[in-house]
Amino acid sequence: MTASAPQIDPPFLGEPYLLTPGPLTTSYEVKQAMLRDWGSWDDDFRAMTRDMRSRLLALLGEGAGEFDCVPMQGSGSFAVEAMLASFVPRDGKALVLANGAYGLRSAQTLQYLGRAHQVLDKGDYLPPRGDEVAAILACDPSITHVVAIHCETSSGILNPVEEISEAVYAAGRKLLIDSMSAFGAIELKPSQIRYEAMVSSANKCIEGVPGFGFVIARKAELEAAKGNSHSLSLDVHAQWAHMEKTGQWRFTPPTHVVAAFLEALKAHEAEGGVEGRGARYTRNRDVMVAGMRELGFETLLQNRWLSPIIVTFFCPADANFVFGRFYELMKEKGFIIYPGKLTVVDSFRVGCIGQMDEHVMRQVVTAAKETLAEMGVASAAPPAAALEERAKLAA
Ligand SMILES: *Cc1c(COP(=O)(O)O)cnc(C)c1O
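Numbers given to residues run from 1 along each chain, matching the order in which its sequence is written. Reporting in this predicted model follows two pLDDT cut-offs: at least 70 for local features of residues, and 80 or more for side-chain atom pairs to be given and counted; totals over whole chains, interfaces and linings ignore these cut-offs and use all residues. To get the side-chain values, all heavy atoms of the structure are used, and hydrogens and water are removed first.

Salt bridges are identified by distance alone: a Lys or Arg side-chain nitrogen within 4 Å of an Asp or Glu carboxyl oxygen. Applying the stated criterion across every chain, the model contains 21 salt bridges. Measuring nitrogen to oxygen at the nearest pair gives 3.1 Å for the salt bridge that ties D51 to R55. On the criterion of helical spacing, the pair formed by D51 and R55 is a turn pair, its members being four residues apart in helix α2 (residues 43-58). Residue classification places R55 among the partly exposed residues on the basis of a relative accessible area of 22%. Measuring nitrogen to oxygen at the nearest pair gives 3.2 Å for the salt bridge that ties K392 to E389. Here E389 and K392 lie together in helix α13 (residues 384-394), a separation of three residues that amounts to about one turn. In the salt-bridge network here, residues are joined through shared partners; they are E207, E271, R277 and R280. In DSSP terms, a helix is any run of H or I states spanning at least four residues, a strand is any run of E spanning at least two, and both are numbered starting from the N terminus. Buried means the residue's accessible area, taken with a 1.4 Å probe over protein chains only, is under 20% of the maximum for its type, while exposed means over 50%, and partly exposed covers the values in between.

Right under this line is the structure:
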């Protein structure tokens, strides 16, 4: 193979690449690992669960010994709900730092759970800053927990969790992190960022298929969580206690998904762990963003806030640009992109995660260029309103 050949196999049987933040494009080996049935009570499957939990913990690096990993059936939101219900006690109060759909979903979850909470809502994409958190905590001593979103996948912003953590613990409160779309590609080391618990899922940066999430929490918090949860099936303490005792999940585990995830974790390790995975995604982002900017597209976020997970672009102002058609033509060329989630201006998103490398990202840019030409879009420049919106970030 020449140096410029793709390092990663194309998707199976001509499937389009999923440029989406999970489900995402998985490897052939990950799919193949699902071609077998497992008994959930069997020693072989118990060993797989054990291996998976210890591999996930190992990703924390130094200090991992104080934590344990509790997988939870369902999509990522089930695991977020499990974390919030299990660690925010019924008489506690949470401050949710929201700058997009996932922050608001955590607030909505607390609403359902009947847990007192307050929301710092920064709108579509402005980052919650440490000094803002400190000011709110100073005013309200009843707040016990702060909930932060690591990468807010709706805009792709990488939130400053380090300064948030400093503000939280300086005020003697506790931090819970939704690291769903970041964990495995962006370091979240307890030796660098203090937190009590975090949550992620199988179908994001570890590159597994959807079916479960996992909570990684301090053992002291897991012990103290007994009796907090409103829910039998989402009780993290109960799942943990049962798993510690029997090696089994309490209720039917997604056996095939776990087998696929274990394969994905081995590939993650072979790629160089969090560092290697993060480096590939960063390269994906850099190549894709540079190419798209060359075509005239503008990113919502300035470079400082761009995550290597997913990037939001403004839709071009050109009247010939219609997102639905852009989407279909990109799909015909083998790339599934993602609609935007901004409330003020039209946008779309391109994911950088999954089984893709910079060669694929160059093809994405070429496909976008051809698509613009087919649509008769002369310029990909966004409307003035979009740039005014973005100027708020600099203010
Ligand atoms: C994907 C994601 C979730 C979970 O979403 P599900 O659709 O329930 O899997 C939660 N938070 C963030 C930041 C995410 O990216």
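The cutoff for a nearby residue is simple: one of its non-hydrogen atoms must lie within 4 Å of the molecule or strand. Inspection of the region around the ligand gives S75, G76, S77, Y102, R105, I149, C151, T153, D178, M180, S181 and K204 as its neighbouring residues. As used in this structure description, the phrase polar contact means that two N or O atoms lie within 3.5 Å; if the pair is within protein, one of them must be able to donate a hydrogen and the other to accept it, and residues adjacent in sequence are counted only when both atoms belong to side chains. Here S75 contributes a side-chain N or O atom positioned 2.5 Å from an oxygen atom of the ligand. The separation between an oxygen atom of the ligand and a polar side-chain atom of T153 is 2.4 Å. A total of 380 Å² of accessible area belongs to the ligand in isolation, and the protein chains cover 87% of it. When contributions to the shell around the ligand are tallied by element, the ones reaching two or more residues are α3 (76-87) and α4 (101-113). For this classification, Asp, Glu, Lys and Arg are treated as charged, while Ala, Val, Leu, Ile, Met, Phe, Trp, Tyr, Cys and Pro are nonpolar and the rest, including Gly, are polar. For the shell around the ligand, the residue count by class is four nonpolar, five polar and three charged. Reported accessibility uses the Shrake-Rupley method at a 1.4 Å probe radius. Residues are deemed covered only where the shown protein chains occlude them.

On to helix α12 (residues 358-375), then. In this analysis, the expected span of each helix is defined as 1.5 Å times one less than the number of residues it contains. The terminal C-alpha atoms of α12 lie 26 Å apart, and with 18 residues this matches the ideal 26 Å at 1.5 Å per residue to within 8%. Taken residue by residue, α12 has H359, V360, M361, V364, V365, A367, A368, T371, L372 and M375 as its buried positions. For α12, the secondary structure elements touched by its buried residues are β1 (17-18), α10 (273-294), α11 (323-332), β12 (335-336) and β14 (347-351). Just beyond α12, the residue with positive phi is G376, at close to 75°. Pairs of residues are marked as contacts when any of their non-hydrogen atoms sit within 4.5 Å.

Attention now goes to the sheet that holds strand β8 (residues 174-178). In sheet architecture, strand pairing relies on hydrogen bonds along the backbone and comes in two forms, parallel and antiparallel. Pairing between two strands is assigned when DSSP locates at least 2 bridges connecting them. Read across the sheet, seven strands follow the order β2-β10-β9-β8-β5-β3-β4 without closing on themselves; strand pairing throughout is mixed. Strands with a single pairing partner mark the edges of an open sheet, and in this sheet they are β2 (67-73) and β4 (116-121). Between one strand axis and the next, the sheet turns by 20° as a mean value, whatever way the strands run. Judged from the three bridges that link them, strand β3 (residues 93-98) and strand β5 (residues 145-149) form a sheet pairing that is parallel. Structural elements are reduced to axes, namely lines fitted to C-alpha atoms, with helices fitted over the stretch in contact, and the angle between N-to-C directions of any two is expressed from 0 to 180 degrees.

Moving on, we get to the UniProt feature "domain: Aminotransferase class V" (unreviewed entry) in the chain. In the numbering used here, UniProt assigns the "domain: Aminotransferase class V" (unreviewed entry) feature to residues 141-302. When the span residues 141-302 is considered, its composition is 40% helix and 16% strand, and the gap between its end C-alpha atoms is 35 Å. UniProt positions are given in the numbering used here, feature names are shortened, and annotations may be inferred rather than shown by experiment.

Counting buried residues in β14 gives five out of five residues, a clear majority hidden from the surface. Judged by which residues are buried, β14 turns out to be covered on both faces: S347, R349 and G351 on one side and F348 and V350 on the other are all buried. The sheet contact formed by strand β11 (residues 310-314) and β14 spans five bridges and is antiparallel. What sits directly across from F314, in β14, is S347. Sheet topology places strand β13 (residues 338-339) next to β14; two bridges connect them, and they run antiparallel. Residue pairing for β14: P339 is matched across the bridge by F348.

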